Amino acid sequence: MQFIVEPRRCQKAVLKYMLSKKSDMRPTMKFDISGRFAPGRGIFFLLGMAFLGTVQAFLPVSHNAPQSEARATESKIQRSDLGMALPGLPKPWGDFEYTKLPLEEPHKRLPDTAQPLEAPRWFFQTDSREQVVNLFNTSPLTEDQKQSLIDERCWQRLSNGFYVFPPPQVVLEMSRAARERIYSILANEPANSAQCHPFRFRPESFEEWFAGTGLGFEQLELLRKLIYSQGGSLCFCDGAIAQGLFSTNDFKRLVKSLYGERTFLMKLRVTPRTDIDSLVQYWDHGGRAEALRPFLESLAQLPGGGSINISLLLPPFARARLYTYAEAPSGDAPAAENCFWTAMNFFKEKPDNRFLNPEYVQLVLASDYEQISAPPGFGDLISLQGDDGMPIHMCAYLADEVVFTKNGRDYIEPWVLMKLPDVIASYKAKAPIHVAIYRARKV
């Protein structure tokens, strides 16, 4: 079985690769508009922007993976199925305090925003020009926009299809409905890396994501014009358009924000009413929680109680990595510490690099774990799978819908805490996501 690369994160690897290579780039865009936006000198951008063959190496996809033996539950699972106690019922894992944490990418790992970005180009794999023209004519575009897109001067015929170089003004001004329709077609071709792997946001988190970035009202309004919906998420992939309208500094702020991770601090609240025995029973693994019992009991005796960082209850592997980034690979060595390696090593004192091999992951899952239908508990493995049963992502469950995860194999992806519904939303694209829960067999 092969694992596909986690979808939301491919663009970062693609971008790093693009910036390390010399490419025959078309001239950068110029907008014939005026206003408060200074034309940016541009950058590359994190979106890939259809770098065709060089991009495809980062987007391995298998369409022949065997079906999983047990059909996992749909992503639209009840909160109680995820291990969240219903109101009024006891929570064996305890009560938590959450503090939002916008985790920034290390500055030395951010892309070089001084690099120019190629103008948009769309690839359609078809030998029928009429088929592409029909797509434009049946999309909710204005007549002027349609005429601009079907103008043969914007087209280039290839042996296996067509490039269309859309005028930047059309890309900027087309309606969200038109963007969603056209980009849904483009997303079917790996050559269109930007549309295949856009940045994704949960609809309710868009404003929060860019809060505190320093971007002004005009810039955020522009971003709202460029976002579109796909698979229940808001998506953004038109970095070249933003580049052409933002000042150099504002575009740098945008890139910094898009490369950041939205996570949170998680603290266990202990009060005189806390059931310490229940806490220890839930969190204990290898005697770690039991060793903390005197401390937990002491907190419970304080007036009003006290709180401890959840990292104190995590095994050494997770505790040492939480909120950190992997070391950058040396030379041409590929980054390898992906989500499967992370989840399978959750309870390991020393990481087992055999989990870099997908076949070994499957072997250990089959021999040492069993798929369960009960709510997940501490240390259970959560596997996100496509309709074909192919694993897309894996993370380790903590409690209260929180998982420990690394969203990609790249060294520019940190180990963080996320709510499971947010993880599902990040990986759900055009196809449904199924959730499978694995628990270690008792020895």
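Parameters at a glance
- Residues numbered from 1 in each chain as written.
- Predicted model: local features only at pLDDT ≥ 70, side-chain atom pairs only at ≥ 80, totals over all residues.
- Heavy atoms only, no water.
- Helix = DSSP H or I, 4+ residues; strand = E, 2+ residues; numbered from the N terminus.
- Buried < 20%, exposed > 50% of the residue type's maximum accessible area, 1.4 Å probe, protein only.
- Contact = heavy atoms within 4.5 Å.
- Areas by Shrake-Rupley, 256 points an atom, 1.4 Å probe, with all protein chains shown as cover.
- pLDDT = per-residue confidence, 0-100.
- Pairing = 2+ DSSP bridges.
- Axes fitted to C-alpha atoms, helices over the stretch in contact; angles between N-to-C directions.
- Core = buried A, V, L, I, M, F, W, Y, C linked by side-chain atoms within 4.5 Å.

K.L.:
For this particular structure, what's the right way to read the overall build of the protein chain?
P.N.:
If you tally the helices and strands in the protein chain, you get 18 helices and 16 strands. A buried classification covers 54% of the 443 residues belonging to the protein chain. Sequence-distant contacts in the protein chain: of pairs separated by 6 or more residues, those separated by 24 or more amount to 76%. Put simply, the protein chain shows about 20700 Å² of open surface, and 51% of that area lies on carbon and sulfur atoms.

K.L.:
Just to check I follow, could you spell out the environment of Pro 414 for this structure?
P.N.:
Residue placement: Pro 414 occurs in the loop between β14 (402–406) and β15 (415–419). Taking the C-alpha atoms as reference, Pro 414 lies 9.6 Å from Gly 260; in sequence the two are 154 residues apart. Excluding anything up to four places from it in sequence, Pro 414 contacts Leu 103, Glu 261, Thr 324, Tyr 325, Thr 405, Lys 406 and Asn 407.

K.L.:
What is the right way to read the confidence of the model for the protein chain from this model?
P.N.:
Detail in the predicted coordinates should be disregarded across regions flagged by low pLDDT. For the protein chain, per-residue confidence averages 80 on the pLDDT scale, and 77% of positions sit at 70 or higher. Here residues 1–10 is a poorly scored stretch, pLDDT under 50, and it has 43 contacts once near neighbours within four places are set aside; other chains count. Ignoring residues within four places in sequence, the model shows residues 30–77, a span with pLDDT below 50, making 154 contacts including any to other chains.

K.L.:
Got a minute to help me understand the sheet that holds strand β7 (residues 228–230) in this structure?
P.N.:
Strand pairs in the sheet, formed through backbone hydrogen bonds, run parallel or antiparallel to each other. Here we have three strands laid out as an open sheet, ordered β6-β8-β7, and antiparallel in their pairing. Of all strands in the sheet, those bounded by a partner on one side alone are β6 (199–201) and β7. Between one strand axis and the next, the sheet turns through 45 degrees on average, direction left out of account. As judged from the three bridges shared by β7 and strand β8 (residues 233–236), these two strands associate in the antiparallel manner. Its bridge partner lying in β8, Tyr 228 is registered against Cys 235.

K.L.:
Explain the nonpolar core to me, please; I cannot follow it from the model alone.
P.N.:
A general feature of soluble globular proteins is that nonpolar side chains tend to end up buried together. Ranked by internal contacts, the top residues of the largest apolar core, which has 67 residues, are Trp 283, Met 344, Ile 382, Leu 398, Phe 404 and Leu 417. Looking at this core element by element, the count peaks at seven residues for strand β13 (residues 391–399). Ignoring sequence-local partners within four residues, the contact set of Leu 398 consists of Tyr 282, Trp 283, Leu 314, Phe 346, Gly 377, Phe 378, Val 403, Phe 404 and Leu 417. In this structure, Val 132, Leu 135, Val 170 and Val 171 belong to the second largest nonpolar core, which totals 49 residues.

K.L.:
Looking at this structure, how should I read the side chain of Ser 257?
P.N.:
Note that Ser 257 resides in helix α11 (residues 248–259). Those residues in contact with Ser 257 that lie beyond four places of it in its chain are Trp 209, Phe 210, Thr 213 and Arg 262.

K.L.:
Sorry if this is basic, but what is going on with the sheet that holds strand β4 (residues 155–158) here?
P.N.:
With antiparallel pairing, the three strands of this open sheet are ordered in space as β3-β5-β4. Since the sheet does not close on itself, it has two edges, and those belong to β3 (122–124) and β4, each with one partner. Direction aside, the axes of adjacent strands within the sheet are offset by 20 degrees on average. Two strands pair when backbone bridges link them, and β4 and strand β5 (residues 161–164) are joined in this way by four bridges, in the antiparallel orientation. Bridge pairing in β5 links Arg 157 to Phe 162.

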